[in-house]
Amino acid sequence: MELLKQKIVEQGVIVSDQVLKLDGLLNHQVDPQLTMQMGKEFAKRFGDQGVTRVITVESSGIAVAFATAYELGVPLVFARRKKTLLAEPDMLCERVPSFTKGIVTDILVSRDFLGEKDRVLFIDDIIANGDAARGLIRIIARSGAELVGAGIVIEKCFQPGAQAIREQGIRLETLARIASLEGGRITFVD
């Protein structure tokens, strides 16, 4: 998506050769029009897969996952990062490190919202090392649901996450692929 790439260049802040801050676009403030266009694009790419639910991890992936679920006409489920007082005791749970937060957290999904009859599309904002994605993929597998693919807004190709997901045989579609952040410059693959 050329508009997405343009917005990344305009609004992205390069923190280091490994970290791109996108608070003005995806992670703190959300561009509603661009988000809905991204949702339409993912719905177009996965529309023939019989998706029954879209799933993401709290919180940065929620906006794009919502737009995708809206376009597909299916519910959105998001994995929580904190257990609440109302959480069921047997929630599906995985412990995952967060690259950007520098911490390890649990991600949790209620068994009420994910089961063996579901065909699930995983949507997220950025894939770097892929720890959260792999954790959510394990949760989906344990639920008995079928993962039809993953749609990621931004793939950081210089980190191993996307490649590790593809090596599992999972269809992974990205809207923008970043080859490098070296020298304070964003270089795209395409």
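Fair warning: this is a prediction, and the values are worked out from it, not measured in the lab. (Residues numbered from 1 in each chain as written. Predicted model: local features only at pLDDT ≥ 70, side-chain atom pairs only at ≥ 80, totals over all residues. Heavy atoms only, no water.)

A. The arrangement of the packing of helix 3 (residues 32-46) against helix 4 (residues 62-72) in detail. At a closest axis distance of 7 Å, the pairing of helix 3 and helix 4 adopts a crossing angle of 55°. When the axes of helix 3 and helix 4 are compared, the pair comes out oblique. For the element pair helix 3 and helix 4, the recorded crossing hand is right-handed. Each of Thr35, Met36, Met38, Gly39, Lys40, Phe42 and Ala43 in helix 3 lies in contact with helix 4, whose residues at this interface are Ala63, Val64, Ala67, Thr68, Tyr70, Glu71 and Leu72. Considered class by class, the residues forming the contact of helix 3 with helix 4 number nine nonpolar, three polar and two charged. (Axes fitted to C-alpha atoms, helices over the stretch in contact; angles between N-to-C directions. Helix = DSSP H or I, 4+ residues; strand = E, 2+ residues; numbered from the N terminus. Parallel < 35°, antiparallel > 145°, perpendicular 65-115°, else oblique. Left-handed = near helix turned anticlockwise from the far one by under 90°. Contact = heavy atoms within 4.5 Å. Nonpolar A, V, L, I, M, F, W, Y, C, P; charged D, E, K, R; others polar.)

B. Region of interest: the nonpolar core. Formed by 27 residues in total, the largest nonpolar core has its most connected members in Leu4 and Ile8. Among the elements that make up this core, the one with the highest residue count is helix 3 (four residues). Beyond its immediate stretch of four places on either side in the chain, Leu4 contacts Leu25, Leu34, Met38, Val153, Leu175 and Ala176. Counting residues in hydrophobic clusters, the runner-up holds 24 residues, among them Ile55, Val77, Leu92 and Val120. (Core = buried A, V, L, I, M, F, W, Y, C linked by side-chain atoms within 4.5 Å. Buried < 20%, exposed > 50% of the residue type's maximum accessible area, 1.4 Å probe, protein only.)

C. Inspection of the pattern of salt bridges at higher detail. In this structure the tally under the stated criterion is 15 salt bridges. Between Glu41 and Lys44 there is a salt bridge, and its shortest N-O distance comes to 3.6 Å. Of the two residues, Glu41 and Lys44 are both situated in helix 3; the distance of three residues between them amounts to about one turn of the helix. The exposure class of Glu41 is buried, given its relative accessible area of 18%. (Salt bridge = Lys/Arg side-chain N within 4 Å of Asp/Glu carboxyl O.)

D. View of the sheet that holds strand 10 (residues 187-188). Taken in spatial order, the six strands make up an open sheet running 4-3-7-8-9-10, and their pairing is mixed. The outermost strands of the open sheet, each flanked by one partner alone, are strand 4 (76-79) and strand 10. Of the pairings in the sheet, the one linking strand 9 (residues 172-180) to strand 10 comprises two bridges and is antiparallel in character. Across the sheet, Ser180 pairs through a bridge with Thr187, a residue of strand 10. Helix 4 contacts strand 3 (53-57), strand 4, strand 7 (119-127) and strand 8 (146-156) of the sheet and is inclined by roughly 180° relative to strand 3. (Pairing = 2+ DSSP bridges.)

E. Molecular detail of the UniProt feature "binding site: 5-phospho-alpha-D-ribose 1-diphosphate" (unreviewed entry) in the chain. Following the UniProt record, one finds the feature "binding site: 5-phospho-alpha-D-ribose 1-diphosphate" (unreviewed entry) at Ala128, Asn129, Gly130, Asp131 and Ala132. Among the structural elements, Ala128 can be located in the loop between strand 7 and helix 5 (131-143). Judged by its relative accessible area of 9%, Ala128 falls in the buried class. Looking at where Gly130 falls in the secondary structure, it is placed in the loop between strand 7 and helix 5. Here Gly130 falls in the buried class, since its relative accessible area comes to 7%. (UniProt positions renumbered as here; feature names shortened; annotations may be inferred.)

F. Quick peek at the packing of aromatic side chains. Per the stated rule, a full pass over the model turns up one aromatic pair. Ring geometry for Phe66 versus Tyr70: centroids 6.4 Å apart, planes at 25°, classification stacked. Pair noted here: Phe66 and Tyr70 are both in helix 4, with a separation of four residues, about one helical turn. For Phe66, a relative accessible area of 47% translates into the label partly exposed. Above the face of the Phe46 ring, Arg171 is positioned so that its terminal group lies 4.2 Å from the ring centre. (Phe/Tyr/Trp six-rings, centres within 6.5 Å; stacked < 30°, edge-to-face > 60°. Lys NZ or Arg CZ within 6 Å of the ring centre and 35° of its normal.)

G. Region of interest: unusual backbone geometry. A cis amide bond links Glu58 with the next residue in sequence, Ser59, at an omega value of 0°. Of note, Ser59 is situated in the loop between strand 3 and helix 4.

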